[in-house]
Amino acid sequence: MSQPDFDALARSADPTQWRTAIDGAFALLDEAHREAALRTLRSVYEERLAPQFQAVPWGPTLAEDADFRRTYETAKRLTNNFRNVSSDELRAVMEEEPHTAMVFRLILGYTTAELAAALKLLGVTTSKAALDTIERGEGVLTPQRRTVIGAVAAAVTGVIERELFALDEGLPINDFRSRLDKLDTREGWPSVRRAASGGVDYGDLLYERYLDGSWLAVRAAYSEKTGELIEDAVADILDENGIAYDRNPEELVRRGIFPSRPDFVLPSVENPKVTIEAKGANDGGTARDKAARIANVAVAAEAAGLTPMAVIDGIGWVRRDALVQTLQATHGLTFSLSNLEALVTVPEIVALYGTAHD
């Protein structure tokens, strides 16, 4: 008996043919034939993937470039181009203009969470949220806030002068560097002043970017928004076709039907028929972890008589084990943003047209 044309099935405009292809591949008893079929199928699904790293997540807590520039110029002016930088002088600057705390923190290269942890070691308990509020210049200058600002001033001067949190001298230099070993703090405040006076060229900037990564902190702070990009696209196409869904089906987890919350249950938790997992991944490790979640949800969905599907995107999904596990778990009903319109042609989805208006 001849094998089916797996390439043609996977490229069909009818997603039910994808299901036939994936199930047919896994049904092959000969391992070599099965692997050959999966290679063919993977290449088709991989063609549909697109990198998602060009979209940088953003949020209301982040300072726009112009706003940050004004804050920086304020810090520079009030410290006389970073010449008046004793602990008391920095405290006075931040009490007058609390948002300048952001500039001094970034000179250290600390995140707000790291700075909060550092202050705790100095005997002052605060939080990332509290420091974020100070940096946004919100609220009044309470006694507690004065205490925190004073601790920030002490931490900034102590760290830059390598009196606080200095690198253990016993650590081998070939294996570790101090966070201060960067162009604007390598020699303490003189390095800061040199950088502020225009002593940074493009090569310096690119090397700093090489060490820390452009947009790295922003992507870390709002990483969940990258996943929401795909979820929102799924929600939009379901809305366009009048298909009801629940994006927070916690009730099904409480009832023990699912080990974790699916991204979408259609049409409702009261009458579940379909699950959709929407996952982005731009690296293989992340894709592997998300594939395991997709598989767990899919197993529970099938046990409950539901049809599991997935929408994935990002180049991380070219990782073989992640993609194959996802295709097997969804019986091939795995879509990407490039062919998302095919999702609403699956019979189980077509049967739900108009449910949003019932």
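Residues numbered from 1 in each chain as written. Predicted model: local features only at pLDDT ≥ 70, side-chain atom pairs only at ≥ 80, totals over all residues. Heavy atoms only, no water.

Looking at the pairing of strand β3 (residues 307–313)
For β3, the tally of buried residues reaches seven of seven residues, placing the bulk of the element in the interior. The alternating pattern of β3 places Thr 307, Met 309, Val 311 and Asp 313 and Pro 308, Ala 310 and Ile 312 on opposite faces, both of which are buried. As judged from the seven bridges shared by strand β2 (residues 274–280) and β3, these two strands associate in the parallel manner. Paired with Lys 279 across the two strands is Ile 312, which belongs to β3. In terms of handedness, the path from β2 via helix α15 (residues 284–303) over to β3 forms a crossover that is right-handed. Pairing analysis gives two bridges linking β3 to strand β4 (residues 334–335), with the strands arranged parallel. (Buried < 20%, exposed > 50% of the residue type's maximum accessible area, 1.4 Å probe, protein only. Helix = DSSP H or I, 4+ residues; strand = E, 2+ residues; numbered from the N terminus. Pairing = 2+ DSSP bridges. Right-handed = clockwise from strand over helix to strand, strands pointing away.)

Quick word on the packing of aromatic side chains
Considering all chains together, one arrives at five aromatic pairs under this definition. Between the aromatic rings of Trp 18 and Tyr 45, the centroid separation amounts to 6.2 Å while the plane-to-plane angle is 80 degrees, which identifies the pairing as edge-to-face. Of the two residues, Trp 18 is situated in helix α2 (residues 15–27) and Tyr 45 in helix α3 (residues 31–47); the sequence distance between them amounts to 27 residues. Note on Tyr 45: relative accessible area 3%, which makes it buried. Put simply, the rings of Trp 18, Tyr 45 and Phe 335 touch in pairs and so form one group of aromatic residues. Note that Arg 48 overlies the ring of Trp 18, its terminal NZ or CZ placed 4.3 Å from the centroid. When the ring centre of Tyr 45 is taken as reference, the NZ or CZ atom of Arg 48 above it lies at 4.8 Å. (Phe/Tyr/Trp six-rings, centres within 6.5 Å; stacked < 30°, edge-to-face > 60°. Lys NZ or Arg CZ within 6 Å of the ring centre and 35° of its normal.)

Side note on the pattern of salt bridges
Any two side chains of opposite charge can pair if their charged atoms end up close together. For the structure shown, the criterion picks out 26 salt bridges. Notably, a salt bridge pairs Glu 47 with Arg 11, separated by 2.9 Å at the nearest N-O pair. Placement of the pair is Glu 47 in helix α3 and Arg 11 in the loop between α1 (6–10) and α2, with a sequence separation of 36 residues. Note on Arg 11: relative accessible area 41%, which makes it partly exposed. (Salt bridge = Lys/Arg side-chain N within 4 Å of Asp/Glu carboxyl O.)

So, helix α8 (residues 128–135)
Three or more residues of α8 are buried, namely Leu 131, Asp 132, Ile 134 and Glu 135. For α8, the angular spread of the buried residues around the axis is 160 degrees, confining them to a single face. Structurally, α8 contributes buried residues whose contacts are with α6 (101–108), α7 (112–121) and α9 (143–160). Phi for Gly 137, located one or two positions after α8, is positive at around 70 degrees. (Arc of directions from axis to C-beta. Contact = heavy atoms within 4.5 Å.)

Things to note about the nonpolar core
In summary, soluble globular proteins display a tendency toward joint burial of nonpolar side chains. In terms of nonpolar packing, the biggest core is built from 47 residues, with Val 234, Leu 266, Ile 276, Met 309, Trp 317 and Phe 335 touching the most fellow members. Discounting chain neighbours no more than four positions away, the residues touching Leu 266 are Leu 238, Ile 243, Ala 244, Tyr 245, Asn 271, Pro 272, Lys 273, Val 274, Ile 276, Ile 349 and Leu 352. Within the second largest apolar cluster, 33 residues are counted, among which are Met 94, Tyr 110, Val 148 and Val 192. (Core = buried A, V, L, I, M, F, W, Y, C linked by side-chain atoms within 4.5 Å.)

Re the sheet that holds β3
Within the open sheet, the four strands sit side by side as β1-β2-β3-β4. Their pairing is mixed. Both outer strands of the open sheet, β1 (264–266) and β4, are each paired with one neighbouring strand and no more. The pairing of β1 with β2 spans three bridges and is antiparallel. Paired with Phe 264 across the two strands is Ile 276, which belongs to β2. Of the strands in this sheet, β2 and β3 touch α15, which is tilted by about 175 degrees from β2. (Axes fitted to C-alpha atoms, helices over the stretch in contact; angles between N-to-C directions.)

Some words on α7
The set of residues buried in α7 consists of Thr 112, Leu 115, Ala 116, Ala 118 and Leu 119. When α7 is viewed along its axis, its buried side chains cluster within an angular range of 160 degrees and face the same direction. Opposite the packed face of α7, turned more than 90 degrees from it, sit the exposed residues Lys 120 and Leu 121. Buried-residue contacts for α7 involve α6, α8 and α9. The first or second residue beyond α7 is Gly 123, which carries a positive phi of 90 degrees.

Some words on the environment of Asp 201
Along the chain, the position of Asp 201 falls in the loop between α10 (189–196) and α11 (202–212). Separated by 112 residues in the primary sequence, Asp 201 and Glu 89 have C-alpha atoms spaced 29 Å apart.

Points about the pairing of β2
In terms of residue burial, β2 counts as a mostly covered element, since seven of its seven residues are buried. Going residue by residue along β2, you find Val 274, Ile 276, Ala 278 and Gly 280 tucked away on one face and Thr 275, Glu 277 and Lys 279 tucked away on the opposite face as well.

A short note on the confidence of the model for the protein chain
Within the protein chain, residue pLDDT values average 91, and 96% of them lie at 70 or more. Confidence scores differ between elements of the protein chain, with helix α12 (residues 216–221) showing the lowest mean pLDDT of 66 and β4 the highest of 98. (pLDDT = per-residue confidence, 0-100.)

Description of the packing of α3 against helix α16 (residues 320–329)
Running from amino to carboxyl end, α3 crosses α16 at an angle of 95 degrees, the nearest separation of the two axes being 11 Å. Judged by the angle between their axes, α3 and α16 are roughly perpendicular. Here Glu 35, Leu 38, Arg 42, Tyr 45 and Glu 46 of α3 come into contact with α16, specifically with Arg 320, Leu 323, Val 324 and Leu 327. Residues belonging to the contact of α3 with α16 are distributed by class as follows: five nonpolar, no polar and four charged. (Parallel < 35°, antiparallel > 145°, perpendicular 65-115°, else oblique. Nonpolar A, V, L, I, M, F, W, Y, C, P; charged D, E, K, R; others polar.)

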